[in-house]
Every structure is written in C-alpha cells, then in structure tokens.
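Take a look at the letters that make up each chain.
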Amino acid sequence: MPIFSNHVRLSSSLLQRLKRHVTAGVHRSFTTTEGNRPTIVHKRSLDILHDPWFNKGTAFSMTERDRLDLRGLLPPNVMSPNLQIERFMVDLKRLQVQARDGPSDPNALAKWRILNRLHDRNETMYYKVLIANIEEYAPVVYTPTVGLVCQNYSGLFRRPRGMYFSAEDRGEMMSMVYNWPAEQVDMIVVTDGSRVLGLGDLGVHGIGIAIGKLDLYVAAAGINPQRVLPVMIDVGTNNGKLLKDPLYLGLQQHRLDGDDYVAVVDEFMEAVFTRWPNVIVQFEDFQSKWAFKLLQRYRNTYRMFNDDVQGTAGVAIAGLLGAVRAQGRPMIDFPKQKIVVAGAGSAGIGVLNAARKTMARMLGNNEVAYESAKSQFWVVDAKGLITEGRENIDPDALPFARNLKEMDRQGLREGASLVEVVKQVKPDVLLGLSAVGGLFSKEVLEALKDSTSTRPAIFAMSNPTKNAECTPEVAFSILGDNIIFASGSPFRDVDLGNGRIGHCNQGNNMYLFPGIGLGTLLSGSRVISDGMLQAAAERLAAYMSDDEVIQGIIFPSISRIRDITQEVAAAVIKEAVEEDLAEGHNGMDARELRKFSQNEIVEYVKKNMWNPEYPTLVYKQD
Ligand SMILES: NC(=O)c1ccc[n+]([C@@H]2O[C@H](COP(=O)([O-])OP(=O)(O)OC[C@H]3O[C@@H](n4cnc5c(N)ncnc54)[C@H](O)[C@@H]3O)[C@@H](O)[C@H]2O)c1
Ligand SMILES: O=C(O)C[C@H](O)C(=O)O
Ligand SMILES: [Mg+2]
C-alpha cells in the first residue's frame, strides 16, 4: 500500500497505530450508491463502541451484537435509530432557549457540549440530528456559537478532532500526515487561527472554526464524514492573553512571519497533497495579510480556495443581485447601484473585486467597462474613506481608492467618516465586513434614509452576532420596512406590527462553500477557477423566486441548505466541464459528465452525497 512507502519515516509504534487505524477500515460505503451492501469491519467489541465511525450505540441489533462480540457491552434494549434520536433530543431540548443569540445565550455552550459529545461517540447519529434540525443547530455548531467555543476552547477541549501541524513539526509533516487514520480524505478545512470570525487572533483554539465548517460540509454537501479533516496550522499567536495563559493549548510564541511562515504552509500543502492528491483544501480565517498571498501562491497548482475571500464574494454578489431584484428592477441594472463598503480586509476586498467584475461583465466585459465599474464603490476602513491620498495604501485596496478631486466635488475627503460618506453618496447599498459591532449606528442609518434607492439594502455581514454592524431591529426601526436586510450571523425576523414582518436574511458563505467543495470534488477539476466560483454565485442568485425576493427574502432559509448545495455543486460541475477542467471522479468519466443534461448532473450530485444511515456491519479478520 502506498501509505507504507519507503520515503516515509515512521517509528514502529506509529506504524502499529497506523496499521490499526487503516485496517479499522474506511470501507464504509455510500448508502445511496451501493444500496444495502454490508460494511466490512476489522474490529470488534469495545473497539467498535469507541469508534464513532461505526458505532450505533443502543441501535446495534441482537444478531449484530453477537457477530461483533458486543453482547453484554450494551444495555439490552435494542432501540431504533429514531427512538435513539428521540432520547437524545429530550436531553438537548431541556435547554429551551435558542442558541441563535450566540454569546448572549447562556445555554449555547451547553448545547454545543451535548452535541459535541454525540459527535465523539456516534457520527452517524450526530449528523442525522444535525441534518434534521439544521435551522436550530447550525447556530450552535457553526456561527455564532462556534466563535464562543473557540474563545473557550481550552476549557471545552475533550477529545482531539482533526490534525495540528505546528512550527515545531517542520521537516516532519510529510510523514506525520500518515498518522491520520483515513486512507481517503476529500475535504480539508485549514486555519491558522489568526482572524477567527471577528474575534481576532485565537491561535490554536481556532481549530473550532475548521470543525464547524466541516460539519456543514457533511450536513449540507453530504461529504462522507470519514473523509473530512479539520486542520490547524499552529505558527504561534500574537494574542497577548493566550501567550500568558497557562491553559492555552498551542505554541506559546509569537507568530512566525515572512518566509518562515510561508515555509510551514508550503510544507503542509505538499504533505497533504502527496498523501491525498485529490483532496480539496479550504483556507479559512487567515488574516488578510496572508489570505490573498496564499491564495495567489496556491490556486493555480492546488485544488484550493479561500472561503473568506472567494466564498463570501459569491454570497455577497448573490445578495446584491437579489437586492436589485427586490427593487423591482432587472439584475442587469446592478452596475447602476452605488455601494458603500465598510471594511477592506480579506472579505471586503474579495467582495469588491467580484462585484466590480460582475458589473463589468454586464457592461460589455471590456477594459472600459472594468474601469468604469469601480466608480460605483466607496470603501471605508478603520481610517475612513480610502482615497488616492491615503499614505501607505494597501495594494489590494488601491484599485478602489477614490480620486481626491472627484471626492472634493462630492464634499468628501481622504479619511471621511462612514456617516459623512453615507450622507454624501446616498448609496443603494451599505455593506459591512468590518468586524465592528454597531458600526452602522443610529446616525449612519438615519443618513441612509436619504438613499436614492427605492429600497435600500443593508448587509451587516460581520460575525459573530455581537460583531454585526447593526441588528435588524435597529435597521427596521429606523428605516421602516421598505429595506432589504441581511446579516452574517442568524437573527430572527422582526415583527413590525400590523402583521408585517421585516425579513432578516442570513448572508453567510455557508450558502456557497459546501457546494463549491462538492462540485469541485465530483467534477474532478484540478483547480477551482474564477468561472466555477462565478457559476456558484449565479446559481445562488437565481435560486430565489421573484415572489420571495419582492418580499425581501434574498437568501434561502438554512432548512433548504442541502438542496441549494446540490444546485450549486451542479453549477460548479457544469462550468468545470465547459472550461474543460473536469477530469471525472470515482469511476465517473469526464466524457460521461460532458454528455449529462442539467438534471442529470443534479442527479449525479445527489447520488454521491453521503446520508446518515447505519449500514449493516460484518466482521472480517485482518
Ligand atoms: N458573512 C460572511 O459570510 C462573512 C464572510 C467572511 C468574513 N465575514 C466577517 O467579516 C469580518 C471581517 O473579516 P475580514 O477577513 O475581512 O477581516 P479583516 O481583519 O481582514 O478586515 C477588517 C477590515 O475592517 C476595517 N475596519 C476596522 N474598523 C473599522 C471601522 N471602524 N470602520 C470601517 N472599517 C473598519 C479594517 O480596516 C479592515 O479593512 C469578520 O467579522 C468576519 O467574521 C463574514
Ligand atoms: O464563519 C462564518 O460564519 C462566515 C465567515 O467565514 C467568517 O469568517 O465570518
Ligand atoms: Mg471565515
């Protein structure tokens, strides 16, 4: 087997462990594609109860208990999977308060703990619970509670999950990657913990974000949970509190920088792609300083993307096009929108670049169109309005720096405040990716009342909840119900009285990254092209009906996430085929893919999604 190849230096104890893991089997099949064929396992007894991939707990049938030497190791009552879940839900539901309000919810962490324990002991049941109740528990395993989890990770840490590649592992990564038990890994989410949501540098505790994203890969995209791998690249932390905290779980040193930093990430990438050449790596929550550089460094060589830059951009484009439709105008009017963006980091710049390109395409897809499109944006960062007069301007923000003379005519200047900019520009859209909670203050929202739009749109996209630029309550109370509102973290719809509802859309990259990953995997494309990302965004934009959009609903409810993910994945595959990038996947030839109709592609996607059903287990000696 290639995993025992000679160039890999493994200690004998490691080899033993590795052999045990590998022979423990990753033979579990997709129930959808392989029917009811049993799963062959090479372990028995307690080993199987302690293996979350195979464990069924009280749902092991009596014949299975005999076959697998489990008789007596479990309470005698054999439960159906449904009853098992009912029992678990009683426990979970005991904490009635919703976890939606994130850190303000005292029970959010308790819920996360209960779910996490289930994740550790029975993966199938965990994902069954999560998929069936995604609206209720996505805010627990994902944003916003996952932020709180990362902030409290040293206290919450029980069983390790995922892999840690640290600065101390330099020179060892190529061999240590073989410590992971799964022979096949489809999806890695990697972070260096340097900008976790809007919470800053959380160091190694940022692993929680990679785990949360992969939960959605399984729940929304049906990636087999045995083939996902959360990864933390620990190069230290610049968080002074963590550097002094005796309970901190990571390297207590300042972050590596420059070539030393890049060398660690390079080594990690080489190691994972050597062991799993078909894996897809999603970069998550890297500070913007590195987010763009690493994306440029790897995107033409490896199957990778940066979710904060590219996933967020696609979701924002879909939302911005939805906001145009919600004004009763055709999408092609998008290039006329005046857009003020607060935040020029990895997410803000990603959105600006994508929005500019989308406008340019609509205006004729040429240089002139591209040049003129940039005049639709006003960008405000921590130092105020960005103009050509900015000293030491960030090169990524430079294309959006406004001309000083032009700004003078508009009554603005370098560093003008957000409220001044909103007052002068009277934008159609105010979009926040600043990580500053409450940035869209009463004053800013009052200024937006003079918007020239018939239905101004507010995107308060920063996470988690307390970092949102404003709440929907505040926005609707100041601006009335004739607005479009979206936030990165979930908020409840607002009751506006008289039976009217102010819709709060969740504008989060969760609507795209699972489909981008799944579509790339099933197309077999070696890279993730701009066209594939654009196709994903366009599919999301077209997903909402005219009726929904007119009501102010521009993103689907999270309860539809599995469906929208299938559609996004199909759009990504189609684009990969059209760009001649598709190489096929798992017996599906690229030539076959080329012949598929749109519906056949969607069917192909559905068939390859993992479903949380217990397969029958049969023991076989090594
Ligand atoms: N909704 C989503 O899907 C989504 C996706 C990605 C990121 N985000 C959120 O966006 C936020 C930013 O992420 P990032 O990666 O771009 O972070 P970042 O640190 O790279 O960028 C933050 C930007 O905000 C600017 N800023 C700071 N204070 C400001 C102020 N008072 N006024 C205006 N701008 C200000 C900074 O100058 C910087 O340009 C985070 O909260 C993150 O959770 C949301
Ligand atoms: O994690 C999220 O909820 C969205 C985004 O990736 C973020 O960094 O905020
Ligand atoms: Mg992120």
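Residues numbered from 1 in each chain as written. Chains lettered and ligands numbered in written order. Predicted model: local features only at pLDDT ≥ 70, side-chain atom pairs only at ≥ 80, totals over all residues. Heavy atoms only, no water.

A few points about the coordination of the magnesium ion (ligand 3)
Any two of four tetrahedral donors ideally make an angle of 109.5 degrees at the metal, while pairs among six octahedral donors ideally make 90 or 180 degrees. The protein atoms that coordinate the magnesium ion (ligand 3) are E284 (OE), D285 (OD) and D308 (OD), at distances spanning 2.0 to 2.1 Å. Taken in chain order, the donor set of the magnesium ion (ligand 3) reads E-D-x22-D. One end of the pair, E284, is in the loop between β5 (280-283) and α15 (288-298); the other, D308, is in helix α16 (residues 307-326), and 24 residues separate them in sequence. What makes E284 buried here is its relative accessible area of 1%. (Donors = N, O, S within 2.8 Å, 3.2 Å for Na, K, Ca; no water. Helix = DSSP H or I, 4+ residues; strand = E, 2+ residues; numbered from the N terminus. Buried < 20%, exposed > 50% of the residue type's maximum accessible area, 1.4 Å probe, protein only.)

Some remarks on the confidence of the model for the chain
Mean pLDDT over the chain stands at 91; residues scoring 70 or higher make up 92%. Across residues 1-34, confidence stays below pLDDT 50; counting only partners more than four residues off in sequence or on other chains, it has 66 contacts. Across the whole predicted complex the pTM is 0.90, and at the interface the ipTM reaches 0.99. (pLDDT = per-residue confidence, 0-100. Contact = heavy atoms within 4.5 Å.)

As for the side chain of E548
Here E548 lies in helix α25 (residues 546-550). Accessibility expressed as a relative area gives 18% for E548, which makes it buried. Within polar-contact distance, the side chain of E548 engages the backbone nitrogen of S545 at 2.8 Å. Within polar-contact distance, the side chain of E548 engages the side chain of R560 at 3.0 Å. Not counting residues up to four positions away in its chain, the partners in contact with E548 are Y543, I553 and R560. (Polar contact = N/O pair within 3.5 Å; in protein donor to acceptor, adjacent residues only side chain to side chain.)

With respect to the sheet that holds strand β6 (residues 304-306)
Read across the open sheet, the five strands follow the order β2-β4-β3-β5-β6; overall the sheet is parallel. The open sheet terminates on both sides in strands that have one partner only, identified here as β2 (163-166) and β6. Across this sheet, the average inter-strand angle for adjacent strands is 20°, counted without regard to direction. One ladder, built from four bridges, connects strand β3 (residues 187-191) with β5; its direction is parallel. Looking at the pairing, V190 lines up with F283 of β5. Contacts from α16 reach β5 and β6 within the one sheet, and its direction differs from that of β6 by about 75°. In the packing of helix α23 (residues 513-523) onto the sheet, contacts are made with β3, β5 and β6, and the angle to β5 comes to roughly 160°. (Pairing = 2+ DSSP bridges. Axes fitted to C-alpha atoms, helices over the stretch in contact; angles between N-to-C directions.)

A closer look at the UniProt feature "binding site: a divalent metal cation" (unreviewed entry) in the chain
UniProt's entry tags E284, D285 and D308 with the feature "binding site: a divalent metal cation" (unreviewed entry), counted in the numbering of this structure. Of the residues just listed, which span 25 residues, no C-alpha pair is farther apart than 6.7 Å, and they cluster in one region. Judged by relative accessible area, which is 1%, D285 ranks as buried. When neighbours within four sequence positions are excluded, D285 is seen to be in contact with T191, D192, G193, S194, R195, V196, L197, I209 and D308. (UniProt positions renumbered as here; feature names shortened; annotations may be inferred.)

Some details on the sheet that holds strand β15 (residues 505-506)
Taken in spatial order, the seven strands make up an open sheet running β9-β8-β7-β10-β11-β12-β15, and their pairing is mixed. Whereas interior strands pair on both sides, the edge strands pair on one side only; in this sheet they are β9 (384-385) and β15. Pairing of strand β7 (residues 339-342) with strand β10 (residues 429-432) involves four bridges; the strand directions are parallel. Paired with I339 across the bridge in β10 is V429.

A closer look at the UniProt feature "binding site: (S)-malate" (unreviewed entry) in the chain
UniProt tags R195, N463 and N508 as "binding site: (S)-malate" (unreviewed entry). Tracing the chain through its elements places R195 in the loop between β3 and α12 (207-221). Setting aside its immediate chain neighbours within four residues, R195 contacts G200, D285, F286, Q287, D308 and S346. At 3.0 Å, the side chain of R195 and the side chain of D285 are in polar contact. By secondary structure assignment, the location of N508 is in the loop between β15 and α23. Once residues within four sequence positions are removed from consideration, N508 is found in contact with Y142, T143, V315, N463 and G488. Polar contacts involving the side chain of N508 include one to the side chain of Y142, which spans 2.7 Å.

Description of the site of ligand 2
Every residue near ligand 2 is listed here: Y142, T143, R195, L197, K213, E284, D285, D307, D308, N463, N508 and N509. Between ligand 2 and D308, the relevant distance is 3.0 Å, taken from an oxygen atom to a side-chain nitrogen or oxygen of the residue. Coverage of ligand 2 by the protein chains reaches 93% of its 260 Å² of free accessible surface. Grouping the constituent residues of the shell around ligand 2 by class yields two nonpolar, four polar and six charged. Here the shell around ligand 2 spans two domains, and each of domain 1 (1-33 + 160-302) and domain 2 (310-509) adds at least three residues to it. (Near = heavy atom within 4 Å. Areas by Shrake-Rupley, 256 points an atom, 1.4 Å probe, with all protein chains shown as cover. Nonpolar A, V, L, I, M, F, W, Y, C, P; charged D, E, K, R; others polar. Domains from an automatic or database assignment.)

A few points about the site of ligand 1
Neighbouring residues of ligand 1: 26 residues in total, closest R195, T312, A344, S346 and N509. Taking S346, its side chain carries an N or O atom lying 2.5 Å from an oxygen atom of ligand 1. With the chains in place, 85% of the 860 Å² that ligand 1 exposes on its own is no longer accessible. Among the elements of the structure, α16, α17 (346-362) and β8 (377-381) are those that each provide at least two residues to the shell around ligand 1. Among the residues forming the shell around ligand 1, the class breakdown is 10 nonpolar, 13 polar and three charged. When we break the shell around ligand 1 down by domain, the ones giving at least three residues each are domain 1 (1-33 + 160-302) and domain 2 (310-509).

Here's the deal with the packing of aromatic side chains
Throughout the structure, instances matching the rule amount to 15 aromatic pairs. Centre to centre, the rings of Y142 and F513 are 6.4 Å apart; their planes meet at 50°, and the pair counts as tilted. Here F513 lies in helix α23 and Y142 lies in the loop between α8 (134-141) and α9 (145-151), a separation of 371 residues in the sequence. By the burial criterion, Y142 is buried, and F513 matches it. Across from the ring centre of Y370, 3.8 Å away, lies the NZ or CZ of R356, which sits over that ring. One residue, R402, lies across the ring of W378, its end atom 4.3 Å from the ring centre. (Phe/Tyr/Trp six-rings, centres within 6.5 Å; stacked < 30°, edge-to-face > 60°. Lys NZ or Arg CZ within 6 Å of the ring centre and 35° of its normal.)

A look at the packing of helix α6 (residues 108-121) against helix α7 (residues 123-132)
Contact geometry of α6 with α7 gives a least axis separation of 6 Å together with a crossing angle of 140°. Of the possible angle classes, the one that applies to α6 and α7 is oblique. Only E123, M125, Y126, Y127 and V129 of α7 make contact with α6, whose side of the interface consists of L115, L118, H119 and R121. (Parallel < 35°, antiparallel > 145°, perpendicular 65-115°, else oblique.)

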